[in-house]
Structure formats: C-alpha cells, structure tokens
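# Chains, contacts and geometry: an overview
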Amino acid sequence: MRRLKDNINSSYFEAANQLRPKRARRRIVAYVESYDDIFFWRTALARFENEHRYFEVMLPARGNLARGKKSVLMSLVDNGAGQDMIACVDADYDYLLQGVTATSKKIIGNPYVFHTYVYAIENYQCYAESLHNVCVMVTLNDHAIFNFEDYLREFSEICHPLFVWSIWMYRSGHYPEFSLSDFCRIAVPGSTDISNPRPALDHLRGKVYRKVEYLRRHYPQAKAALPALSSELERLGVTPANTYLYIQGHHLADVVVVPLLTKVCNRLRLERENEICRTAVHRTQMHNEMSCYENCIADVRSMLKRNMGYMNSPQFLQLQNEIGLRLDGKVSSPSSSSG
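Reading the values: rules and limits
- Residues numbered from 1 in each chain as written.
- Predicted model: local features only at pLDDT ≥ 70, side-chain atom pairs only at ≥ 80, totals over all residues.
- Heavy atoms only, no water.
- Phe/Tyr/Trp six-rings, centres within 6.5 Å; stacked < 30°, edge-to-face > 60°.
- Helix = DSSP H or I, 4+ residues; strand = E, 2+ residues; numbered from the N terminus.
- Buried < 20%, exposed > 50% of the residue type's maximum accessible area, 1.4 Å probe, protein only.
- Pairing = 2+ DSSP bridges.
- Right-handed = clockwise from strand over helix to strand, strands pointing away.
- Disulfide = S-S within 2.5 Å.
- Axes fitted to C-alpha atoms, helices over the stretch in contact; angles between N-to-C directions.
- Contact = heavy atoms within 4.5 Å.
- Parallel < 35°, antiparallel > 145°, perpendicular 65-115°, else oblique.
- Left-handed = near helix turned anticlockwise from the far one by under 90°.
- Nonpolar A, V, L, I, M, F, W, Y, C, P; charged D, E, K, R; others polar.

### A short note on the packing of aromatic side chains
All chains considered together, the criterion is met by 17 aromatic pairs. Ring geometry for Phe40 versus Tyr310: centroids 5.6 Å apart, planes at 40°, classification tilted. You can see Phe40 sitting in helix α2 (residues 35-46) and its partner Tyr310 sitting in the loop between α14 (300-305) and α15 (314-327), a full 270 residues away along the chain. In this pair, the class of Phe40 matches that of Tyr310, namely buried. Considering the side-chain rings of Phe163 and Phe183, the 6.0 Å spacing of their centres and the 70° angle between planes classify their relative orientation as edge-to-face. With Phe163 in helix α8 (residues 148-171) and Phe183 in helix α9 (residues 180-186), the pair connects residues that are 20 residues apart, well separated along the chain. What makes Phe163 buried here is its relative accessible area of 0%.

### With respect to the pairing of strand β1 (residues 26-32)
The element β1 is extensively covered by neighbouring structure, given that 6 of its 7 residues are classed as buried. Pairing of β1 with strand β2 (residues 53-58) involves 6 bridges; the strand directions are parallel. Bridge pairing links Arg26 to Arg53 in β2. Crossover handedness for the path β1 to α2 to β2: right-handed.

### A closer look at the state of the cysteines
Counted according to the given criterion, the structure contains 0 disulfides. Cys292 provides the cysteine sulfur closest to Cys296, a residue in no disulfide bond, and the two sulfurs are 4.5 Å apart. In this structure Cys296 comes out as partly exposed when scored by relative accessible area, which is 43%.

### Concerning the sheet that holds strand β3 (residues 85-89)
The 4 strands lie next to each other as β2-β1-β3-β4, forming an open sheet whose pairing is parallel. Here the strands that pair on one side only, and so sit at the sheet edges, are β2 and β4 (113-115). In this sheet, adjacent strand axes meet at a mean angle of 30° when their direction is disregarded. Two strands pair when backbone bridges link them, and β3 and β4 are joined in this way by 3 bridges, in the parallel orientation. Opposite Ala87, over in β4, you have Val113 as the bridge partner. Together, β1, β2 and β4 form the strand contacts of α15, whose direction differs from that of β4 by roughly 165°.

### Examining the environment of Val100
As for its position among the elements, Val100 is in the loop between α4 (94-97) and α5 (102-109). Of the residues examined, Val100 reaches a relative accessible area of 42% and is grouped as partly exposed. When sequence neighbours within four positions are dropped, the list of residues in contact with Val100 reads Tyr170 and Arg171.

### Details of the packing of α8 against helix α12 (residues 249-279)
Relative orientation of the contacting elements α8 and α12 amounts to 155°, with a least axis distance of 12 Å. When the axis of α8 is compared with that of α12, the two are roughly antiparallel. Remark: the crossing between α8 and α12 carries right-handed chirality. Contacts from Phe148, Tyr151, Leu152 and Phe155 of α8 reach α12 at Val256, Val257, Leu260, Leu261 and Val264. Taken together, the residues of the contact of α8 with α12 break down into 9 nonpolar, no polar and no charged.

Encoded structure:
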C-alpha cells in the first residue's frame with residue numbers, strides 16, 4: 001500500500017485550505033529539485049507572502065529519494081498542479097529551447113512551473129557583481145585585487161559564438177554531435193593567473209575559434225539561422241556580456257569561478273596574515289590575533305552557496321516579476337520569445 005504522503009496532491013492541499021478558518025492564510029506548496037534549492041526558492045518566494053498566503057518549500061512528496069527536475073515535474077503531473085501546488089526548477093537549456101522538447105514545453109507553458117531564467121541557481125550564486133563580497137565573507141578582507149566583472153564579461157564574450165551554436169545544435173536535433181558536455185569541455189580557461197588573466201583568456205579564445213570554424217564547415221545549413229537565433233536569445237536575456245549565466249551552472253562554479261575565488265581568497269588571507277605579523281607588538285599578541293582571524297574566516301564553497309548578491313540582477317528581478325504577475329493571475333503562462 002502506498003503511504004499517505006504519496007497521495008498528497010493539489011486537491012488535498014486545496015481541500016485542506018478550505019477547512020481552515022476564513023481568516024487563515026492559504027498554504028502553497030512549492031516543490032523544488034534538491035536540498036540546495038530550498039533556500040534559493042524560499043528567498044524568491046518570501047516577498048510574496050502576505051495575510052492571504054504563505055509558501056512551504058519542499059522536495060517532492062514521493063515514496064523514494066528521487067530528486068531533480070524530472071521528479072518535480074512528474075509530481076505535478078501525478079498530483080495535479082493547481083493554485084495550491086507549484087514547481088520551482090532550474091531553467092537549464094529548457095527555457096532557451098522554447099518548446100522544442102517536451103520538457104521545454106512544460107517549463108515555458110505551464111503556469112504552475114516557475115524557473116530560474118538563468119541556467120541554474122549556481123549561476124546566480126556566481127553573479128559577477130557579487131563575487132567580491134564573497135571574497136570579503138571568506139577572508140574578512142575588503143581589498144579588491146581582482147575584477148571579476150571584467151573577467152566574466154570577457155569570458156562570456158569569448159564563449160558567446162559557441163554558445164549560440166550549442167543552442168542551435170539542440171534545437172535542430174544535432175546535439176549528439178555537439179552536446180552540452182562538449183561545450184563545457186571547451187569553455188575552460190585553464191589555470192588563470194589572477195595577476196595576469198590574459199593568457200588564460202587567449203587560450204580559451206583559440207579553442208572556441210577552432211571549434212566554431214569546425215562547426216561552420218560541417219554544418220553550412222546553420223549559417224542563415226544563427227543571426228536570427230542570436231537575436232532571439234538576446235530577447236530571452238542572453239547577451240555576449242552575460243553568457244556565463246546561461247552555461248551549465250556546476251561547470252561555471254566548479255571550473256571557472258571557484259578556482260578564481262580560491263586564488264583571490266588565498267592571496268587576501270595571506271595579505272591579512274602578513275598585516276597581523278607586521279603590526280603585532282609582541283609574539284603573544286600575534287598568535288592571539290592570528291588565532292582569532294583563523295577562527296573567523298570561512299570556506300569558499302560554503303560562502304558561495306550563501307551568496308545572495310544576485311537579488312538585484314536583471315534575471316532575478318525578471319523571475320520576481322513573473323512570480324508576482326502569475327500569483328495575481330495577470331498572466332497565464334511564463335514569458336517566451338514572443339512575449
């Protein structure tokens with residue numbers, strides 16, 4: 001016999017809400033993909049709580065430990081989405097595919113499915129304008145020694161032509177010949193010297209150029225479609241300067257941003273430690289101060305996960321606007337290129 005929680009569906013929540021006193025707030029269950037997503041979507045939904053409604057963000061209520069977008073979307077299909085049950089998922093490529101696949105159709109066409117607009121929550125956490133603050137959280141040193149915004153803008157501009165090709169390959173059904181994993185293997189700057197990032201970016205530029213030329217030779221039929229696709233992607237939010245927000249989030253964090261943050265934070269930590277050694281009056285004071293500092297500094301990855309500096313980004317504001325409009329019943333489905 002299936003457990004009672006497996007039978008919990010939108011009708012159940014709706015009926016439960018109807019049994020509440022008229023002045024009680026309506027409970028809206030928001031299903032998310034993983035534990036890491038709970039805090040992000042709690043942050044995104046919290047401002048829309050009022051005297052009439054509140055949200056409970058949770059993993060799908062199923063009889064196993066299945067996680068991910070498929071599990072969330074299947075929960076809506078099995079249980080019947082409604083005004084008391086919504087899904088909150090990463091956009092991945094599904095938003096940019098604009099209905100080419102079945103999953104993409106669900107993402108952009110279901111009024112009870114909300115998505116990140118950028119590839120995933122990791123992309124928000126890697127928002128360039130917020131990364132200096134992450135360094136401060138990690139090292140307690142506010143000395144700006146690296147320009148993350150310039151670096152990620154140039155990284156994006158280099159990768160953008162190949163990214164457009166990647167979307168074309170998926171939309172046209174050629175993705176087995178150039179998959180998302182293939183794109184990620186190329187979009188690697190390599191070891192970056194934070195004092196001189198130019199060689200790493202030039203190395204990346206060469207790899208991207210060679211692959212773009214290869215694709216041009218082998219898929220001449222794409223030549224006429226690529227300019228229009230690039231324009232459409234720009235209407236969806238993807239520009240040469242912000243492409244990093246739309247590539248695979250784990251790749252961006254693990255291969256590009258965390259290595260940079262680690263190098264910058266190591267230098268800032270050493271800078272602070274040298275300052276303590278230089279200014280201490282005596283050895284005991286130096287040891288005490290060093291111990292105090294070491295107890296206050298944090299881990300790069302944990303601070304990156306707690307980073308909320310994306311909240312004024314255009315993409316997050318777009319998400320907030322979409323949530324507000326749809327909760328108020330002013331639009332029936334997520335925005336698309338035709339919107």
